[in-house]
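Structural description and commentary
Listed below are the residues making up each chain.
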Amino acid sequence: MEQRLDIDPADAGRRLDQVLARLLPTFSRACIQDWIDAGMVRVDGRATKRRAKLAGGEQVHIRAWLAAQDDHDPEPMDLAIVHEDAHLLVIDKPAGLVVHPAAGNWHGTLLNGLLHHEPALATLPRCGIVHRLDKDTSGLLVVAKTPVAHKSLVEQLRARTIHREYRALVVGVLSAGGRVDAPVGRHPVRRTAMAVTAAGKPAVTDYRVAARYPGHTLLALRLQTGRTHQIRVHMAHLGYPLVGDPLYGGARSAGAGLAAAAATAVRRFPRQALHAMRLGLEHPESGAPMQWQVPMAPDLEALLATLEGPHGCA
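Considering the overall build of the protein chain
A count of helical and extended segments in the protein chain gives eight helices and 15 strands. Considering only C-alpha atoms, the protein chain reaches an extent of 75 × 45 × 40 Å along its principal axes. Counting only residues that meet the buried cut, the protein chain has 46% of its 314 residues in that class.

Quick notes on the pairing of strand β5 (residues 81-84)
Pairing analysis gives three bridges linking β5 to strand β6 (residues 88-93), with the strands arranged antiparallel. Across the sheet, the residue bridging to I81 is I91, located in β6. Connecting the antiparallel pair β5 and β6 is a turn made up of three residues.

A closer look at the packing of helix α1 (residues 16-23) against helix α2 (residues 29-37)
Look at α1 against α2: their axes get within 9 Å of each other, and the N-to-C directions meet at 125°. With respect to α2, the element α1 is oriented oblique. For the element pair α1 and α2, the recorded crossing hand is right-handed. In this structure, α1 contributes L16, D17, Q18, L20 and A21 to the contact, and α2 contributes R29, I32, Q33 and I36. Looking at the contact of α1 with α2, its residues break down into five nonpolar, two polar and two charged.

A word on the sheet that holds strand β3 (residues 46-47)
One open sheet accounts for four strands, arranged β1-β4-β2-β3; its pairing is antiparallel. At either end of the open sheet lies a strand with only one pairing partner, and these are β1 (2-6) and β3. Judged from the three bridges that link them, strand β2 (residues 41-43) and strand β4 (residues 59-63) form a sheet pairing that is antiparallel. Within β4, the position partnered with R42 by the bridge is H61.

Considerations on the side chain of N112
Checked against the element boundaries, N112 lands in helix α3 (residues 110-117). What makes N112 buried here is its relative accessible area of 0%. Side-chain polar atoms of N112 contact the side chain of T109, separated by 2.7 Å. If we skip the residues at most four places from it in the chain, N112 touches H72, D73, P74, E75, P101, W106 and H107.

Let's talk about the environment of L153
Tracing the chain through its elements places L153 in helix α4 (residues 147-159). Distance from L153 to L304, taken between C-alpha atoms, is 33 Å for residues 151 residues apart in sequence. Every residue in contact with L153, bar those within four places of it in the chain, is listed here: L88, V130, V142, V143, A144, I162 and L281.

Points about the environment of G309
Mapped onto the elements of the fold, G309 is located in the segment after α8 (298-308). Residue G309 is classed as partly exposed on the basis of its relative accessible area, which comes to 25%. C-alpha separation for the pair G309 and Q272, spaced 37 residues apart in sequence, amounts to 21 Å.

A look at the pattern of salt bridges
Any two side chains of opposite charge can pair, on the condition that their charged atoms come close. Within this structure, the stated rule accounts for 17 salt bridges. Residue E165 pairs with R222 through a salt bridge whose shortest N-O separation is 3.4 Å. Here E165 is found in strand β8 (residues 163-171), whereas its partner R222 is found in strand β13 (residues 216-223), with 57 residues between them in sequence. According to the relative accessible area criterion, E165 is buried, its value standing at 8%.

Examining the pairing of strand β15 (residues 289-293)
Pairing analysis gives five bridges linking strand β14 (residues 274-282) to β15, with the strands arranged antiparallel. If you follow E282 over to β15, its bridge partner there is P289. Between β14 and β15, which pair antiparallel and follow one another directly, the connecting turn spans six residues, one of which, G287, has a positive phi of 80°.

Each value, and the rule that gives it
- Residues numbered from 1 in each chain as written.
- Predicted model: local features only at pLDDT ≥ 70, side-chain atom pairs only at ≥ 80, totals over all residues.
- Heavy atoms only, no water.
- Helix = DSSP H or I, 4+ residues; strand = E, 2+ residues; numbered from the N terminus.
- Buried < 20%, exposed > 50% of the residue type's maximum accessible area, 1.4 Å probe, protein only.
- Pairing = 2+ DSSP bridges.
- Axes fitted to C-alpha atoms, helices over the stretch in contact; angles between N-to-C directions.
- Parallel < 35°, antiparallel > 145°, perpendicular 65-115°, else oblique.
- Left-handed = near helix turned anticlockwise from the far one by under 90°.
- Contact = heavy atoms within 4.5 Å.
- Nonpolar A, V, L, I, M, F, W, Y, C, P; charged D, E, K, R; others polar.
- Polar contact = N/O pair within 3.5 Å; in protein donor to acceptor, adjacent residues only side chain to side chain.
- Salt bridge = Lys/Arg side-chain N within 4 Å of Asp/Glu carboxyl O.

Below is the structure:
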């Protein structure tokens, strides 16, 4: 990408990266900063630093290499589309669907289905996917359809203004809600797991009690950050792992206090009992607040019905 820009005198005293982020709205500020650091941006013919203050009236020459996008195959897929417009696509993802291709899952992912639904997504980073849900987590996920929407959603995630609320069935009975503020990083021993660790990144989860059952609690949780496995790690860290979670202990300890039929249903639940129920954000073009809510996933709804029925108590 090659472009020449004239700096407005009104931008005198402002940082180079801030001004370019405003002038080039289809690119993230982080991307522009990488270009500056790599010497791909010259101000009046000279390389400079991202924090350089402008005098106004300069000419900026950008000659930047754009990262090539991964080549993935479009595949027909029945997508549960909750909302779609020219900028956004909101999906109700079923449990069992991998979001992005990776080793062992190169086909049949949500990304493959999105490319079949909208081939133009191939021009966007990760085909417009700005956040993920684990394979066995169900619920709402937003996808950007344009560069402007992608930039906006990434910035909203970074600013923590995208609201994501989940429901989770955990092992154990909580007396009240609260907040977990504990850094999450790669587990020091188990390579596929995450853990609360001092070397991790900041992670904050708010939770409240939605319903109580013998030996188990249904929680409503809101993410303030978006670390890998954050809810699963934070609740296991508190001693209340998610039902059906084989990685963090919920599959081993579930069922205590329940009648035989309900205990069996809980122990045989084939995935972590986690559902992304609500999603709220600002529309990338209009700035209008938008919110979506979907019902509980059918398998989790059936499990809760078992707990609430006459055979739930021991």
